[in-house]
Amino acid sequence: MSVLVLAEHDNASLKDATLNAVTAAKALAGFAGGDVHVLVAGKGAQAAADAAAKIDGVAKVLLADDAAYGDALAENVAPLIAGLLAGYDALVAPATSRGKNIAPRVAALADVAQISEILSVEAADTFTRPIYAGNAIATVKSADAKKVITVRGTAFPKAAATGGSAAVEAVSGSGDAGLSSFKGAELTVSARPELTGAKIIVSGGRALGSGEAFTQYIDPLADKLGAAVGASRAAVDAGYVPNDYQVGQTGKIVAPELYVAIGISGAIQHLAGMKDSKVIVAINKDEEAPIFQVADYGLVGDLFTLVPELTSKL
Amino acid sequence: MKILVPVKRVVDANVKVRVKPDQSGVELANVKMSMNPFDEISVEEAVRLKEKGVATEVVVVSVGPAQAQETLRTALAMGADRGILVTTDGPTESLAVAKLLAKIVAEEAPGLVILGKQAIDDDANQTGQMLAALLGWGQGTFASKVEPTADTVSVTREIDGGLETVELKLPAVVTTDLRLNEPRYASLPNIMKAKAKPIANKTPADYGVDVTPRLTTLKVTEPPKRSAGIKVKTVDELIEKLKNSGVIA
Ligand SMILES: Cc1cc2nc3c(=O)[nH]c(=O)nc-3n(C[C@H](O)[C@H](O)[C@H](O)COP(=O)(O)OP(=O)(O)OC[C@H]3O[C@@H](n4cnc5c(N)ncnc54)[C@H](O)[C@@H]3O)c2cc1C
């Protein structure tokens, strides 16, 4: 099977989510000894394409460089991919906000039922994926001739970013569909590691009570540990931290080496985003809190005294 | 402008679903069902746009079993004007739902279709994007702010790195995220009033759409269980455990 991977990038550099998607694509291509190609659609994206060409196991990189693709608008990128799909058996996209936005639009253009957020490739047409906030895992078999798939990053290891030497080939599509335009972005700037790639995550919940308390209690602990900062939906809804901090069923899915949940009760929807972490620590004053049912180490007590103590003793 | 809002009947968000012992699916008998939470946000947004005088009519549509009628009634009690129920037996995939919605859009000619970004049962996150593709419309997914003008809509989207804003030509498709609004509870008088609002009954055949699934679920299993660990008594004990397990130096 020949598989096309949609690269996640910011034109200048390739994002790690691409590497997880390549691993899934390799598993899929392996069923019939096909190639894995990577599509970099962007504007001034040569550097991202060059990085994609070095990924181990990638046979070719397609670079669609056009102002219309610079902001990854689905209306413009999806027809490009649907056109290219004629030469492939499958599209594999990372289940990032960008991949989730674009892939279903491609699937509909290609008249394919998409398989979202796969956890494993069981056969060329069979995959596992989480349903009901990860409380059940479905094994699904696709009858479509072509597959359109998004990949849950935490379920596939990263392909090696070096070792490959694929050729970069220019491709073009129909450009601007004239339906949408990009007006601007408010990106969260942080010196800390990115949530989905972090080895350690310190997350805070409603119990913090304010943005100031996040700064005063969560940030210093995160900095001591070299950790990323996450949050529950309640903390985001209350405006303590930006939306992109949310971990859970409808936020980010993470699986770090260490996840520290502070003042988070452990609702199903939160657990859905972090229960595959290697070691989970919970600090909560309620010893009955559901978070303790998944925590390796639980500490019962007031976060406002325990967290500063932990930070100072590390 | 007319607004179309598709709503789905799903297992309530507070229910902890259980996998059936024969692995054929999850237990749905005697389980509380509700409107998909993201769809409540969509209905709320449409009703607010009507209250502001931006929208003239809010039409809600559900594709599903006969009981999805109740889901439509909930939406009507929140302030939608009328409903369309497309009855199907068995699960209907996002692609088929999008095809049905595309036909309904052709009949109803709404200026906006507002859908939830995902349904909390299959967690697919596809229908809105697919509908936009089939219609050849712009899509503003994962919206936390929706501001329509006469011929465009500005949508602020929740993305991995923060927020971004796109402007779409109308008509367009919007999918809602959690922070767009806080849905209202229907008042008792409005629940009573909703009983008199019209719901049209349809089938996929009425729209000439083939809803045969493309995906077969071979089995549904429990995720790997995570066993509860231990409670530590002190911060020092916690640090010692973390050092021993090698996750901190
Ligand atoms: C459709 C839908 C999608 C959702 N998606 C997500 C999602 O992606 N991610 C997510 O997180 N949630 C999500 N939720 C929300 C989820 O159901 C919970 O409401 C939310 O996770 C609760 O956040 P919390 O644990 O911070 O708050 P709470 O449940 O209020 O818990 C606060 C905890 O802090 C503890 N506490 C209070 N004071 C102290 C103190 N001084 N010291 C120590 N502990 C203290 C309390 O004992 C309690 O356990 C979703 C819900 C729905 C309906």
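The model shown is predicted, which means the values in this text are computed figures rather than measured ones.

**Q** Sorry, what's going on with the interface of chain A and chain B here?
**A** Interface size is commonly expressed as the accessible surface area that is lost when the partners come together. Taken residue by residue, the interface counts 83 residues in chain A and 76 residues in chain B. Where chain A abuts chain B, roughly 6600 Å² becomes buried across the two surfaces, and 55% of that area is made up of carbon and sulfur atoms. Taken as a group, Tyr132(A), Asn243(A) and Tyr297(A) account for 11% of the area that chain A buries against chain B, more than any other trio of residues on that side. Joining chain A to chain B, the criterion identifies six salt bridges. With a shortest N-O distance of 2.8 Å, Asp111(A) and Lys99(B) are connected by a salt bridge. Our enumeration of links across chain A and chain B arrives at 49 residue pairs in polar contact (both at pLDDT 80 or more). Taken together, the residues that form the side of chain A that touches chain B break down as 39 nonpolar, 23 polar and 21 charged.

**Q** Explain the confidence of the model for chain B to me, please; I cannot follow it from the model alone.
**A** Detailed reading of the predicted coordinates is not advisable wherever pLDDT is low. This prediction gives chain B a mean pLDDT of 97; 100% of its residues lie at or above 70. If you check the scores for this complex, the pTM reads 0.97 and the ipTM reads 0.97.

**Q** Where do I start with the environment of Arg233(A) in this structure?
**A** Note that Arg233(A) resides in helix H6 (residues 233-237). In this structure the C-alpha to C-alpha distance between Arg233(A) and Ala267(A), which are 34 residues apart in sequence, comes to 9.9 Å. When residues no more than four places from it in sequence are discounted, the contact partners of Arg233(A) are Gln246(A), Leu178(B) and Arg179(B).

**Q** Where do I start with the sheet that holds strand S1 (residues 3-6) of chain A in this structure?
**A** Residues and elements named next belong to chain A. Strand order in the open sheet formed by seven strands is S5-S9-S4-S1-S2-S3-S10, with parallel pairing between adjacent strands. Every interior strand has two partners, whereas the edge strands, strand S5 (115-118) and strand S10 (167-170), have only one. Mean inter-strand twist for the sheet, computed between neighbouring axes without regard to direction, equals 25°. In terms of strand pairing, strand S4 (residues 90-94) meets strand S9 (residues 147-151) through five bridges, oriented parallel. Paired with Ala 90 across the two strands is Lys 147, which belongs to S9. Across the sheet, helix H2 (residues 46-53) is in contact with strand S2 (36-42), strand S3 (60-65) and S10; its angle to S3 comes to roughly 170°. Relative to S4, helix H4 (residues 97-109) is tilted by about 160°, and along the sheet it contacts S1, S4, S5 and S9.

**Q** Would you explain the sheet that holds strand S7 (residues 138-148) of chain B in this entry?
**A** A sheet is described by the order of its strands in space; here 10 strands give the open sequence S11(A)-S9(B)-S8(B)-S7(B)-S10(B)-S6(B)-S1(B)-S4(B)-S5(B)-S11(B), paired in mixed fashion. For this open sheet the edge positions go to strand S11 (180-187) of chain A together with strand S11 (199-202) of chain B, each flanked by a neighbour on one side alone. In this sheet, neighbouring strand axes are inclined to one another by 35° on average, regardless of whether the strands run parallel or antiparallel. Pairing analysis gives four bridges linking strand S5 (residues 82-87) of chain B to S11(B), with the strands arranged parallel. Across the sheet, Leu85(B) pairs through a bridge with Asn201(B), a residue of S11(B). Each of strand S1 (2-6), strand S4 (57-64), strand S6 (112-116), S7 and strand S10 (172-176) of chain B touches helix H1 (residues 37-51) of chain B; the most contacted strand, S6(B), lies at about 150° to it.

**Q** Could you clarify how one ought to interpret the UniProt feature "domain: Electron transfer flavoprotein alpha/beta-subunit N-terminal" (unreviewed entry) in chain B in this entry?
**A** Here the UniProt-annotated "domain: Electron transfer flavoprotein alpha/beta-subunit N-terminal" (unreviewed entry) positions come out as residues 23-211 of chain B. Spanning residues 23-211 of chain B, this segment combines 32% helix with 31% strand, and its end C-alpha atoms are found 24 Å apart.

**Q** Is there a simple way to explain the UniProt feature "domain: Electron transfer flavoprotein alpha/beta-subunit N-terminal" (unreviewed entry) in chain A in this structure?
**A** Under the feature "domain: Electron transfer flavoprotein alpha/beta-subunit N-terminal" (unreviewed entry), the UniProt entry names residues 3-186 of chain A. For the annotated span residues 3-186 of chain A, helix accounts for 24% and strand for 32% of the residues, and the straight-line distance between the end C-alpha atoms is 34 Å.

**Q** What is the right way to look at the site of the ligand in this model?
**A** Lining the immediate surroundings of the ligand are 29 residues, of which Arg206(A), Ser232(A), Gln246(A), Ser265(A) and Asn284(A) lie closest. A distance of 2.7 Å separates an oxygen atom of the ligand from a polar atom in the side chain of Asn284(A). Lys285(A) is positioned such that a nitrogen or oxygen atom in its backbone is 3.1 Å from a nitrogen atom of the ligand. For the ligand, the accessible surface in isolation is 990 Å², of which the surrounding protein chains cover 83%. Within the residue set of the shell around the ligand, elements represented by two or more residues are H6, helix H7 (268-274) and helix H8 (303-313) of chain A together with H1 of chain B. Of the residues belonging to the shell around the ligand, the class tally is 11 nonpolar, 13 polar and five charged.

**Q** Would you take a moment to explain the packing of H8(A) against helix H7 (residues 235-244) of chain B for this structure?
**A** When two helices pack together, their arrangement is given by the angle between the helix axes and by the axis-to-axis distance. Between H8(A) and H7(B), whose axes approach to 10 Å, the crossing angle comes to 50°. Accordingly, the angle class assigned to the pair H8(A) and H7(B) is oblique. Of the two possible hands of crossing, H8(A) and H7(B) adopt the one that is right-handed. Between H8(A) and H7(B), the residues in contact are Leu306(A), Glu309(A), Leu310(A) and Lys313(A) and Val235(B), Asp236(B), Leu238(B) and Ile239(B), respectively. Class assignment for the residues of the contact of H8(A) with H7(B) results in five nonpolar, no polar and three charged.

The rules we used
- Note that residues are indexed from 1 along each chain, following the sequence as it is written.
- Here every chain gets a letter starting at A, and every ligand a number starting at 1, in the order they are written.
- Where totals are concerned, whole chains, interfaces and linings use all residues; where local detail is concerned, this predicted model gives features only for residues with pLDDT of at least 70, and gives and counts side-chain atom pairs only at 80 or more.
- Side-chain measures here rest on the full set of heavy atoms in the structure, leaving out hydrogens and waters.
- For this analysis, residues touch if any pair of their heavy atoms sits within 4.5 Å.
- Once two parts are put together, the accessible area they lose, assessed with a 1.4 Å probe and summed over both, is termed the buried area.
- Think of a salt bridge as a Lys or Arg side-chain nitrogen and an Asp or Glu carboxyl oxygen that are within 4 Å of each other.
- Under this definition, polar contacts are N or O atom pairs within 3.5 Å; protein pairs additionally need one hydrogen-donor-capable and one acceptor-capable atom, and for neighbouring residues in sequence, both atoms have to be side-chain atoms.
- Ten residues, namely Ala, Val, Leu, Ile, Met, Phe, Trp, Tyr, Cys and Pro, are considered nonpolar, four, namely Asp, Glu, Lys and Arg, are considered charged, and the remaining ones, Gly among them, are considered polar.
- How sure the predictor is of each residue is captured by pLDDT, a score from 0 to 100.
- For helices the rule is a DSSP run of H or I covering at least 4 residues; for strands it is a run of E covering at least 2, with both sets numbered from the N terminus onward.
- Being paired, for any two strands, means DSSP has found at least two bridges between them.
- Only C-alpha atoms enter the line fits that serve as axes; for helices the fit covers just the stretch in contact. Angles between N-to-C directions range over 0 to 180 degrees.
- UniProt positions are given in the numbering used here, feature names are shortened, and annotations may be inferred rather than shown by experiment.
- Summary of the distance rule: residues count as near a molecule or strand when at least one heavy atom falls within 4 Å of that molecule or strand.
- For every accessible area listed, the method is Shrake-Rupley and the probe measures 1.4 Å; residues are considered covered only by the protein chains on display.
- Roughly parallel here means an angle under 35 degrees, roughly antiparallel means over 145, roughly perpendicular means 65 to 115, and every remaining angle is called oblique.
- Crossing handedness is defined as follows: a turn of the near helix away from the far one that is anticlockwise and smaller than a right angle gives a left-handed crossing, while the clockwise case is right-handed.

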